[in-house]
Amino acid sequence: MVHRIIEWSLQNRFIVLVLSAALLIWGAFAIKKNPIDAIPDLSENQVIVFTEWMGRGPQLIEDQITYPLVTNLQGLPKIKYVRGSSMFGMSFIYVIFNDDVDVYWGRERVLERLSTVSQSLPTGVSPQLGPDGTGVGHILWYTLDAPEMDLGEQRALQDWYIKFALQNVEGVSEIASFGGFQKQYQITVDPNKLLYYRLSVPEVMSAIRLNNNESGGRKFELSDIGYIIKTSGYLQSIEEIENIPVKNQGSIPIRVSDIASVQMTGETRLGIFDQDGEGERVGGIVVMRYGENAAAVIEKVKAKMSEAAKGFPKGVKFDIVYDRGELIQESVDSIKHTLIEEMIVVSLVVIIFLFHWRSALSIIIQIPITLAASFILLNAFGISSNIMSLTGIALAIGVIVDNGIIMSENAYKHLSQRYEEWQEQQKTT
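Residues numbered from 1 in each chain as written. Predicted model: local features only at pLDDT ≥ 70, side-chain atom pairs only at ≥ 80, totals over all residues. Heavy atoms only, no water.

So, about the packing of aromatic side chains. Under the definition given, this model contains 10 aromatic pairs. Where Phe 97 meets Trp 105, the ring centres are 6.5 Å apart and the plane angle is 75 degrees; that geometry is what we call edge-to-face. For the ring pair Trp 141 and Phe 178, a centre distance of 5.8 Å and an interplane angle of 40 degrees mean the geometry is tilted. Taken together, the positions of Trp 141 in strand E5 (residues 138-145) and Phe 178 in strand E6 (residues 172-178) put the pair 37 residues apart, joining distant regions of the chain. (Phe/Tyr/Trp six-rings, centres within 6.5 Å; stacked < 30°, edge-to-face > 60°. Helix = DSSP H or I, 4+ residues; strand = E, 2+ residues; numbered from the N terminus.)

Let us now look at the sheet that holds E6. Read from one edge of the open sheet, four strands run E6-E13-E5-E14, paired in antiparallel fashion. Across the chains shown, the open sheet's two edge strands, defined by having one partner strand only, are E6 and strand E14 (317-323). Recorded for the sheet is a direction-independent mean angle of 25 degrees between the axes of neighbouring strands. Across five bridges, E5 lies against strand E13 (residues 283-288) in antiparallel orientation. Counterpart to Thr 143 in the pairing with E13 is Gly 283. Most of the contacts of helix H5 (residues 151-167) go to E6, to which it runs at about 175 degrees, and overall it touches E5, E6, E13 and E14. On the sheet, helix H10 (residues 294-308) packs against E5, E6, E13 and E14 and is oriented at approximately 20 degrees with respect to E5. (Pairing = 2+ DSSP bridges. Axes fitted to C-alpha atoms, helices over the stretch in contact; angles between N-to-C directions. Contact = heavy atoms within 4.5 Å.)

Every buried residue of helix H7 (residues 201-211) is accounted for by Val 204, Ala 207 and Ile 208. Seen end-on, H7 carries its buried residues on one side only, within an arc spanning 95 degrees. In H7, the exposed positions angled more than 90 degrees off the buried face are occupied by Pro 202, Arg 209 and Leu 210. Elements that come into contact with the buried residues of H7 comprise strand E7 (183-189), helix H6 (191-197), strand E10 (245-249) and helix H9 (256-259). (Buried < 20%, exposed > 50% of the residue type's maximum accessible area, 1.4 Å probe, protein only. Arc of directions from axis to C-beta.)

So, about the pattern of salt bridges. Per the stated rule, a full pass over the model turns up 11 salt bridges. Residues Arg 289 and Asp 132 are paired through a salt bridge, measuring 2.8 Å at the closest nitrogen-oxygen approach. Of this pair, Arg 289 sits in the loop between E13 and H10 while Asp 132 sits in the loop between strand E4 (128-129) and E5, and the two are 157 residues apart along the sequence. On the accessibility criterion, Asp 132 (12% relative accessible area) is buried. For Glu 280, the salt bridge goes to Arg 269, with nearest N and O atoms at 2.7 Å. On the criterion of sequence distance, the pair formed by Glu 280 in the loop between strand E12 (260-266) and E13 and Arg 269 in the loop between E12 and E13 is long-range, its members being 11 residues apart. With relative accessibility at 29%, the residue Arg 269 sits in the partly exposed group. Several salt bridges share partner residues, and in doing so they unite Glu 108, Arg 109 and Glu 112 into one network. (Salt bridge = Lys/Arg side-chain N within 4 Å of Asp/Glu carboxyl O.)

What follows concerns a nonpolar patch on the surface. A cluster of nonpolar side chains, contributed by Met 1, Val 2, Ile 5, Ile 6 and Leu 10, occupies part of the molecular surface with about 550 Å² of accessible area. Relative to the elements of secondary structure, Val 2 occurs in helix H1 (residues 2-11). (Patch = residues over 30% accessible without salt bridge, like charges linked within 9 Å, V, L, I, M, F, W, Y side chains within 5 Å. Areas by Shrake-Rupley, 256 points an atom, 1.4 Å probe, with all protein chains shown as cover.)

The next thing to look at is the nonpolar core. Counting 25 residues, the largest nonpolar core has Ile 139, Tyr 142, Ile 162, Val 286 and Val 301 as the members making the most contacts within it. Counting residues per element, the ones that place at least two in this core are E5, H5, E6, E13 and H10. Residue contributions to this core peak at six residues, all from H10. If we ignore the near neighbours within four places in the chain, the residues touching Ile 162 are Tyr 142, Leu 144, Leu 157, Phe 312 and Phe 318. (Core = buried A, V, L, I, M, F, W, Y, C linked by side-chain atoms within 4.5 Å.)

Bringing the environment of Asn 211 into the picture now. Among the secondary structure elements, Asn 211 is positioned in helix H7. Sequence separation of Asn 211 and Leu 235 is 24 residues, and the distance between their C-alpha atoms is 7.7 Å. Discounting chain neighbours no more than four positions away, the residues touching Asn 211 are Gly 233, Leu 235, Ile 244 and Pro 245. Looking at Asn 211, its side chain comes within polar contact range of the main-chain oxygen of Ala 207, at 2.6 Å. (Polar contact = N/O pair within 3.5 Å; in protein donor to acceptor, adjacent residues only side chain to side chain.)

Written as structure tokens, this is what we have:
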């Protein structure tokens, strides 16, 4: 069979050259289409369900949230198993699907089941799906270099400007913020004053909640002019909170400022982010969506960061602390250098030992064609270009080169023997 293929190829050289050129062009398009990443994604096909119920212990979270969710999610189709984890104030459910299941199909099945399970959970508890990314989806970490801004202002800039800008980038699943202080109004109640005015904490909470509201009225016409009535009651300053009446005693209103102190401060933190021992920083983590091209997404994110930086206050700039794009570029450069080195070595070996440049050219042509064909197969099997796949290709290039040298040397040897036999026949005749 092999001899027939070789014989047919020798008899139809033009067709072989055309097929080789077509394969090379197809492979070039496959290389551009193939997603490039540095780290192979070996994570399981999973959907994460996150539930928050702050202030409750792990055992209560396990009994009231984790156990009901795990038992109800186990009947989903094409599922391997369900894992549950309970901690203080939070519950995590990991739904593991079969490897051949589309991740977005699995997320739809989980959402359908959650719509019926939520009724059996405590009031005010709402399960949420995690981002459609994987464990190796952290492609870029950045911090804000803002020496003239406090941590609260930096976190506000991150949460209300940068995060929304970067989330619009195609291929980005989530922007996870870290560091700094999340600004909030805190009301510290004096228990002695509560006893003096005969008030309770729920009464204070109810008064603040009712005053931080906005309601609509109706439309009426007066002198052929239509008027729309509405009330604006959203709290916007510390003074407005302090002036909220909680209760009337003897026609005298008891305000929040009479029983508590109001201040603008940060939410309680469980940790800090320090960079290079030079102090705290605020930043974000760019999480890539499942199955996206990491190199392309990183380039788009950097372009969006340059655009968003134009709206920063004076003296504020991005500081990238982790960029997977550098590792990706090094991986691509490595295989390029290997390819060039192999071509040079093969050319020198063949020319020095065989003194035949056409044999060296035939071997050199095999390398890019074989490399292009390998990327066609990578796309067919859904494998991205990463350290493992590119290393395998680099190792295979050595095999291709060795095979080409052996075949050229073998053909050269047989041709020389045939030439000697032909010369002897010419002498005898």
